[in-house]
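Secondary and tertiary structure notes
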Amino acid sequence: MVDFPKAFVCGHPIKHSRSPIIHTHWLAKYGLEGSYEKIDVEPGQLAGLFDQVRQGIYSGGNITLPHKEAALSLVDHTDDAAVKIGAVNTLYQDGKYLVGNNTDSFGFAANLDNQIPSWRDGQQALILGAGGASRAVLFALISAGYKKIYLANRTLSRAENLASIFGPKIHPIALDQSQMHVSSSDLIINTTSLGMNDNSPMPISLGAAKSDCLAADIVYIPIKTAFLTDAENHGLMTSDGLGMLLHQATPGFEKWFGQAPIVDDTLRQIVLDDINKEDA
Ligand code: ATR
């Protein structure tokens, strides 16, 4: 056993993870004894690290690429979100059991609850992209009661696969069919890497969107994606991807260090400064 709680984020590579900035900020803010470190773990070493949580050497940790899917089969219990999303990002020991949850969906919803609470009043949504992040957004939208969700993807079969997992509210469509669903959507979310680091055009323009439509991006580098710029130009309410990153971290911190942390503007600015430093 350790005399103070130790947590980690593990991945491969792990150099660029911003999780240590978030958790060490909260440890200092709340005056808690504890540590949070980056651990570069090759796929074959993951089970060994998890055993260290079982033994109490670590209180738990975050799991990131490429281990989120493999983690699912290495834990004793998972929450519904982890099962549906098919990935674990938060690990802790609960009595005899190693628990692996997925907090990405919680993070997406908690951020919108904070910024634009009216998002829960929506009925219809359009999601661009059908990768890992899209699964977390789908789980959040279904939990929030959305009735009809168009899921647009370049590779249609990936959207169809998610529809088979998430049920009949999901309508898979090809990415080039997404524009026709803009005007009837209450919430439009970009989960693709489009507008991130290349100049590929977005498949939709938001000019036809309802004036109270919300636009959210899960990408946070750059903080203002091409999608969010288009939304702002058309006067829509927007939410960027950094809020989801900050909010997904709160359940793990509470489990490991015993304090429910608050996401505030100071933390947001600290992470933004780090992103900008890297870009400079
Ligand atoms: P993540 O975990 O961030 O969701 P991912 O699983 O690699 O990452 O998914 C990336 C998403 O961006 C996918 O929906 C992908 O579409 P495909 O399933 O067709 O690959 C989408 N995407 C990436 N580059 C794209 C591009 N140039 N045009 C259209 N969609 C793109």
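So, here's what we can say about the structure. Predicted model only: the values in this text are computed from it and were never measured.

1. A look at the site of the ligand
Around the ligand lies a shell of 13 residues, among which Ala130, Asn153, Arg154, Thr155 and Arg158 are the nearest. Here an oxygen atom of the ligand sits 3.1 Å away from a polar atom, N or O, in the main chain of Ala133. Starting from 640 Å² of accessible surface for the ligand in isolation, the protein chains cover 68%. Considered class by class, the residues forming the shell around the ligand number four nonpolar, seven polar and two charged.

2. Some thoughts on the sheet that holds strand 1 (residues 6-11)
Overall, mixed pairing links the six strands, which are arranged 2-1-3-5-6-4 in an open sheet. Of all the strands in the sheet, the pair left with one neighbour each is strand 2 (35-40) and strand 4 (77-78). Across five bridges, the pairing between strand 5 (residues 90-94) and strand 6 (residues 97-101) is antiparallel. Pairing of Leu91 across the sheet is with Gly100, part of strand 6. Across the sheet, helix 2 (residues 46-54) is in contact with strand 1, strand 2, strand 3 (60-63), strand 5 and strand 6; its angle to strand 5 comes to roughly 40 degrees. The sheet strands contacting helix 9 (residues 250-257) are strand 1, strand 2, strand 3 and strand 5, and the helix crosses strand 5 at an angle near 30 degrees.

3. Considering the side chain of Asp186
In this structure, Asp186 sits in the loop between strand 9 (170-174) and strand 10 (187-190). A polar contact of 2.5 Å, which involves the side chain of Asp186, links it to the side chain of Lys210.

4. Side note on the sheet that holds strand 9
Pairing is parallel across the open sheet formed by six strands, whose spatial order is 9-8-7-10-11-12. Only two strands of the sheet have a single partner each, and these edge strands are strand 9 and strand 12 (237-239). Here the average twist between neighbouring strands, direction ignored, is 20 degrees. Two elements, strand 7 (residues 124-128) and strand 8 (residues 148-153), share five bridges in a ladder whose sense is parallel. Note on strand 8: the bridge partner recorded for Leu128 is Ala152.

What counts, and where the lines are drawn
Residues numbered from 1 in each chain as written. Predicted model: local features only at pLDDT ≥ 70, side-chain atom pairs only at ≥ 80, totals over all residues. Heavy atoms only, no water. Near = heavy atom within 4 Å. Polar contact = N/O pair within 3.5 Å; in protein donor to acceptor, adjacent residues only side chain to side chain. Areas by Shrake-Rupley, 256 points an atom, 1.4 Å probe, with all protein chains shown as cover. Nonpolar A, V, L, I, M, F, W, Y, C, P; charged D, E, K, R; others polar. Pairing = 2+ DSSP bridges. Helix = DSSP H or I, 4+ residues; strand = E, 2+ residues; numbered from the N terminus. Contact = heavy atoms within 4.5 Å. Axes fitted to C-alpha atoms, helices over the stretch in contact; angles between N-to-C directions.

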